[in-house]
Amino acid sequence: MLHIAITALAVWITTALPGIDLGGDDTGTKIVTLLAVAVVFGVVNAVLKPVAKTLGCLFYVLTLGLFGLVVNALLFWLTGYLAQQLDLPFSVGGFWPAFWGAIVVTIASSVLHGATRRLREPREQEYYRY
């Protein structure tokens, strides 16, 4: 559940970008929409990303991994499309908003996961006392 909440928060941050819109009348609707979009995004990444990595392996090598940015953008764009099909008030208005949105989601979720990992794991002692 924490992973979904972090992804939802990261997706919410992307709505500050032009071309990525979150509809809804009240805060509760927006929160439910973000959680649903986070689940859709997780399913899309879990199912299609390994396939894209396998099929596009040569492109990953030739572009030194930059092809991954394109794949992430397409997956984020697909998430916006699927959200519209599920009548969720979330939309991604094209490739470039999806490109920048995917970068923001990656950075924001990495930072948030790192912060929560630090809070959950006890700090290691620098000095060991015998």
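The residue numbers shown here count from 1 along each chain, following its written sequence. Only residues with pLDDT of at least 70 get local features here, since the model is predicted, and only at 80 or more are side-chain atom pairs given and counted; chain-wide, interface and lining totals rely on the full set of residues. Hydrogen atoms and water are omitted, and side-chain values are computed over all heavy atoms in the structure.

Student: Describe in detail a nonpolar patch on the surface, supporting the description with residues and values.
Tutor: Residues forming no salt bridge and having over 30% relative accessible area are the ones grouped into patches, like charges within 9 Å of each other and nonpolar side chains (Val, Leu, Ile, Met, Phe, Trp, Tyr) within 5 Å. Areas reported as accessible are Shrake-Rupley estimates using a 1.4 Å probe. Residue values count occlusion only from the protein chains shown. By definition here, a salt bridge exists when the distance from a side-chain nitrogen of Lys or Arg to a carboxyl oxygen of Asp or Glu is within 4 Å. Judged by side-chain polarity, Val39, Val43, Val47 and Leu48 come together as a nonpolar surface patch covering roughly 310 Å² of accessible area. The helix count covers DSSP runs of H or I at least four residues long, the strand count covers runs of E at least two residues long, and both are numbered beginning at the N terminus. Examined against the element boundaries, valine 39 turns out to sit in helix H2 (residues 27-55).

Student: So, the packing of aromatic side chains: which residues are in play, and what are the values?
Tutor: When the centres of two rings from Phe, Tyr and Trp lie within 6.5 Å, Trp using its six-membered ring, the rings pair. Their planes under 30 degrees apart give stacked, over 60 give edge-to-face, and anything left gives tilted. One pass over the full model with this rule turns up 9 aromatic pairs. Considering the side-chain rings of tryptophan 77 and phenylalanine 95, the 6.4 Å spacing of their centres and the 65 degrees angle between planes classify their relative orientation as edge-to-face. Here tryptophan 77, found in helix H4 (residues 67-85), pairs with phenylalanine 95, found in helix H5 (residues 95-120); they are 18 residues apart in sequence, far enough to count as distant. Residue classification places tryptophan 77 among the partly exposed positions, given a relative accessible area of 34%. Centroid distance phenylalanine 99 to tryptophan 100: 5.1 Å. Interplanar angle 85 degrees. Geometry classified as edge-to-face. Through pairs of rings, three or more aromatic residues link up here, namely Trp77, Phe95, Trp96, Phe99 and Trp100. Between buried and exposed lies partly exposed: a residue is buried under 20% and exposed over 50% of the maximum accessible area for its type, with that area taken using a 1.4 Å probe on protein chains only.

Student: Describe in detail the nonpolar core, supporting the description with residues and values.
Tutor: Residues grouped as a nonpolar core are buried Ala, Val, Leu, Ile, Met, Phe, Trp, Tyr and Cys residues, joined through side-chain atoms within 4.5 Å. Val11, Val37, Phe76, Phe90, Val92 and Val105 are the most contacted members of the largest nonpolar core, which totals 18 residues. Within the residue set of this core, elements represented by two or more residues are helix H1 (2-14), strand E1 (20-22), H2, H4, strand E2 (90-92) and H5. Here, residues are in contact when the closest pair of their heavy atoms is within 4.5 Å. The contacts of valine 11, once residues within four sequence positions are left out, are Leu34, Val37, Phe76, Phe90 and Val105. If you look at the next biggest cluster of nonpolar residues, it comprises 5 residues, including Val44, Tyr60, Val71 and Leu75.

Student: Go over H2, please, and point to the residues and values.
Tutor: Given the number of residues in a helix, its expected span is that number minus one, multiplied by 1.5 Å. The terminal C-alpha atoms of H2 lie 40 Å apart, and with 29 residues this matches the ideal 42 Å at 1.5 Å per residue to within 8%. Taken as a whole, H2 has its buried residues at Thr33, Leu34, Val37, Ala38, Val40, Phe41 and Val44. Along its buried surface, H2 packs onto H1, E1, H4, E2 and H5.

Student: Could you give an account of H1, naming the residues involved and the relevant values?
Tutor: When the terminal C-alpha atoms of H1 are compared, their 19 Å separation across 13 residues agrees well with the 18 Å that a helix rising 1.5 Å per residue should span. Of all the residues in H1, the buried ones are Ile6, Thr7, Ala8, Ala10, Val11 and Thr14. Residues of H1 that are buried sit in contact with E1, H2, H4, E2 and H5.

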